[in-house]
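# Close look at the chain arrangement
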Amino acid sequence: MKILHFIERSIIVGPTVMMTAIIIISTKYMVFFIMKIIGRDTDGLFNLQTMMEFLGIFLIVFIGRELSWTFEDYLKKNDIHAGINFPGAILAIK
């Protein structure tokens, strides 16, 4: 049983570490993206392509953080609750 528990934890911890790195990189990119937009003239601030790119970056960070909360809760309580996973699933579908 200890080997199975170790394998189960490894399956959860591995993607969590990778996802945390992606969240950190995406957050830094989002900050630099916002600074780049602010540095430009105001005409480029509200065009569709800029807003869609910002929304995509924001959703990567937001959904990633939601999933990391799910993994964190699973590691602490060692069971899965539908109430915790449901908001993340809804965000991923949208």
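Everything in this summary refers to the structure shown in the same document. Keep in mind that what you see is a predicted model, and the values were worked out from it rather than measured.

### Section: the overall build of the protein chain
Per the secondary structure count, the protein chain includes three helices and zero strands. Secondary structure elements of the protein chain, listed N to C terminal, follow the sequence α-α-α. In the protein chain, which comprises 94 residues, the proportion classed as buried is 21%. For the protein chain, the share of sequence-separated contacts (at least 6 apart) that also reach a separation of at least 24 residues comes to 65%.

### Notes on the packing of aromatic side chains
Summed over all chains, the structure comprises three aromatic pairs. Between Phe54 and Phe58, the ring centres sit 6.4 Å apart and the planes meet at 25°, which makes this aromatic pair stacked. With a gap of four residues between them, Phe54 and Phe58 both fall in helix α2 (residues 48-77), about one helical turn apart. The exposure class assigned to Phe54 is partly exposed, which follows from its relative accessible area of 26%. In this structure an aromatic cluster arises from ring pairing among Phe54, Phe58 and Phe62.

Rules and cut-offs
- Residues numbered from 1 in each chain as written.
- Predicted model: local features only at pLDDT ≥ 70, side-chain atom pairs only at ≥ 80, totals over all residues.
- Heavy atoms only, no water.
- Helix = DSSP H or I, 4+ residues; strand = E, 2+ residues; numbered from the N terminus.
- Buried < 20%, exposed > 50% of the residue type's maximum accessible area, 1.4 Å probe, protein only.
- Contact = heavy atoms within 4.5 Å.
- Phe/Tyr/Trp six-rings, centres within 6.5 Å; stacked < 30°, edge-to-face > 60°.

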